[in-house]
Amino acid sequence: MNAYLPILVLGAIGAAFAVVSVGIASFVGPRRNNRSKLDAYECGIEPLPQDRAVQRIPVKYYLTAMLFIIFDIEIVFLYPWAVAFDSLGWFGLIAMTLFVVNVSVAYAYEWRRGGLSWD
């Protein structure tokens, strides 16, 4: 049980920080609610009373999500590979080269579609 004590203490500190932060925000924060703050907000598009099947979502949102996934997944896989680079040998080098080529294809697609130009 002594090995898990630091983890439990860190979890308790994190939970206490979350509860105290929400409590302080409710006392200190402004309480001016208006109609626009209470409306549902989804993907930057104003909600319409129409059927959701009729409404089209711009492709820009999907391209932004793809960009996040490309870079997030790349970083998640590159850190452990960099740490264990010496012990992996040629297999690790070839596997990571194929991974980087695969990510580069997705990056090139995103670049070609205009996902990197923020307007």
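Basis of the calculations
- Residues numbered from 1 in each chain as written.
- Predicted model: local features only at pLDDT ≥ 70, side-chain atom pairs only at ≥ 80, totals over all residues.
- Heavy atoms only, no water.
- UniProt positions renumbered as here; feature names shortened; annotations may be inferred.
- Helix = DSSP H or I, 4+ residues; strand = E, 2+ residues; numbered from the N terminus.
- Buried < 20%, exposed > 50% of the residue type's maximum accessible area, 1.4 Å probe, protein only.
- Contact = heavy atoms within 4.5 Å.
- Expected span 1.5 Å × (residues − 1).

Named according to an unreviewed UniProt entry, the protein is NADH-quinone oxidoreductase subunit A originating from Gordonia araii NBRC 100433. Here the protein is described in UniProt, under the heading Catalytic activity (unreviewed entry), as follows: "a quinone + NADH + 5 H(+)(in) = a quinol + NAD(+) + 4 H(+)(out)". Quoted verbatim from the Sequence similarities (unreviewed entry) heading of the UniProt record, the comment on the protein is "Belongs to the complex I subunit 3 family."

Trainee: Quick rundown of the side chain of Glu74? Include the residues and the values.
Mentor: In this fold, Glu74 is placed in helix H3 (residues 59-83). On the accessibility criterion, Glu74 (17% relative accessible area) is buried. Not counting residues up to four positions away in its chain, the partners in contact with Glu74 are Phe99 and Val103.

Trainee: I'd like a description of the UniProt feature "transmembrane region" (unreviewed entry) in the protein, backed by residues and values.
Mentor: If you check UniProt for "transmembrane region" (unreviewed entry), the listed places come out as residues 6-28, 61-82 and 88-109 in our numbering. For residues 88-109, the helix share is 100%, the strand share is 0%, and the end-to-end C-alpha distance is 30 Å.

Trainee: Quick rundown of H3? Include the residues and the values.
Mentor: Its 25 residues place the ends of H3 37 Å apart at the C-alpha level, agreeing with the 36 Å of an ideal helix rising 1.5 Å per residue. Those residues of H3 that sit buried are Leu63, Leu67, Ile70 and Glu74. As for H3, its buried residues are in contact with helix H4 (85-112).

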